[in-house]
Amino acid sequence: MNSSIIKRTCRITAIMAVFFILTNQSYASEEFLSNIRKAQLIHIVKQDCGSCHGMTLKGGLGPALLPENLEGKPILFLQNTILYGRTGTAMPPWKPLLTEQEVLWISQQLKAGKIAEP
Ligand code: HEC
């Protein structure tokens, strides 16, 4: 084997390694929401969801979203309502703007009453 082929093979291997590292990182960031993204999501819930559900989630055009109101409603039910909206009501689908993982996290925070702390 001549040395230029070895060099080229090394270079291709290095490029592939970098590619795998980068793509793996983007998978990881989808699974684990960063603290910055969590702060943004809380802001979205208070401002955007709050425009209908009330800034403190005590209800308005949409129903209250406090833990006592969501008792007995499964996370998956809330997650689907947020992702796909409710046809025939003012509740819009958020799938174009939020990932499933983000909506799952929001649903968990709503159930736990961790967004609208006084
Ligand atoms: C334009 C007004 C509007 C906006 C904005 C809105 N909602 Fe709603 N939402 C509603 C209405 C109205 C309902 C009740 C639908 C029905 O009658 O079943 C509802 C229902 C829900 C429910 C189901 C509650 C239950 O007790 O079953 C959840 C959860 C919910 N919204 C979460 C959200 C979240 C999270 C956001 C922001 C990402 C959001 N909503 C933004 C109007 C809105």
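Procedures and definitions
- Residues numbered from 1 in each chain as written.
- Predicted model: local features only at pLDDT ≥ 70, side-chain atom pairs only at ≥ 80, totals over all residues.
- Heavy atoms only, no water.
- Near = heavy atom within 4 Å.
- Polar contact = N/O pair within 3.5 Å; in protein donor to acceptor, adjacent residues only side chain to side chain.
- 1 Å grid on protein atoms, 1.4 Å probe; cavity = no way out; pocket = protein on both sides within 12 Å on 5 of 7 lines; lining within 4 Å.
- Sits in = over half its atoms within 2 Å of the grid points.
- Helix = DSSP H or I, 4+ residues; strand = E, 2+ residues; numbered from the N terminus.
- Nonpolar A, V, L, I, M, F, W, Y, C, P; charged D, E, K, R; others polar.
- Buried < 20%, exposed > 50% of the residue type's maximum accessible area, 1.4 Å probe, protein only.
- Contact = heavy atoms within 4.5 Å.
- Bend = angle between axes of the 7 residues up to and from the residue.
- Donors = N, O, S within 2.8 Å, 3.2 Å for Na, K, Ca; no water.
- Tetrahedral: all angles 85-135°; square planar, octahedral: opposite > 155°, others 65-115°.

Caption draft 1: Structural view of the site of the ligand. As a structural note, the neighbourhood of the ligand is formed by 20 residues, with Cys49, Cys52, His53, Arg86 and Met91 the closest of them. At 2.8 Å from a nitrogen atom of the ligand is found a side-chain nitrogen or oxygen belonging to His53. Under a 2 Å grid-point criterion requiring more than half of the atoms, the pocket assigned to the ligand is the largest pocket. Counting only elements with at least two residues in the shell around the ligand, the list comes to helix 2 (35-53) and helix 4 (75-84). Its residues placed into classes, the shell around the ligand shows 13 nonpolar, four polar and three charged.

Caption draft 2: Highlighting the side chain of Thr81. Along the chain, the position of Thr81 falls in helix 4. The class of Thr81 is buried, set by a relative accessible area of 13%. Separated by 2.9 Å, the side chain of Thr81 and the backbone oxygen of Phe77 make a polar contact. Those residues in contact with Thr81 that lie beyond four places of it in its chain are Arg86 and Met91.

Caption draft 3: A look at helix 2. The principal kink in helix 2, of about 25°, is found at Ile44. Among all positions in helix 2, only Leu41, Ile44, Val45, Cys49, Gly50 and His53 are buried. Considering only its buried residues, helix 2 is in contact with helix 5 (100-112).

Caption draft 4: The coordination of the iron atom of the ligand, seen in detail. Here the iron atom of the ligand is held by His53 (NE2) and Met91 (SD), and the distances to it run 2.0 to 2.1 Å. Angles of 86 to 178° at the metal separate the six donor atoms of the iron atom of the ligand, which places the site in the octahedral class. Remark: Met91 occurs in the loop between helix 4 and helix 5 and His53 occurs in helix 2; sequence separation between them is 38 residues.

Caption draft 5: Local environment of the environment of Leu110. Note that Leu110 resides in helix 5. Judged by relative accessible area, which is 7%, Leu110 ranks as buried. Along the sequence, Leu110 and Leu78 sit 32 residues apart, while their C-alpha atoms lie 9.3 Å from each other.

Caption draft 6: Layout of the environment of Lys38. You can see Lys38 is positioned in helix 2. Classification of Lys38 as partly exposed rests on a relative accessible area of 26%. In the structure, Lys38 is positioned 64 residues away from Glu102 in sequence and 8.3 Å away in space, judged by C-alpha atoms. Contacts of Lys38, omitting those with residues within four sequence positions, involve Leu33 and Trp105.

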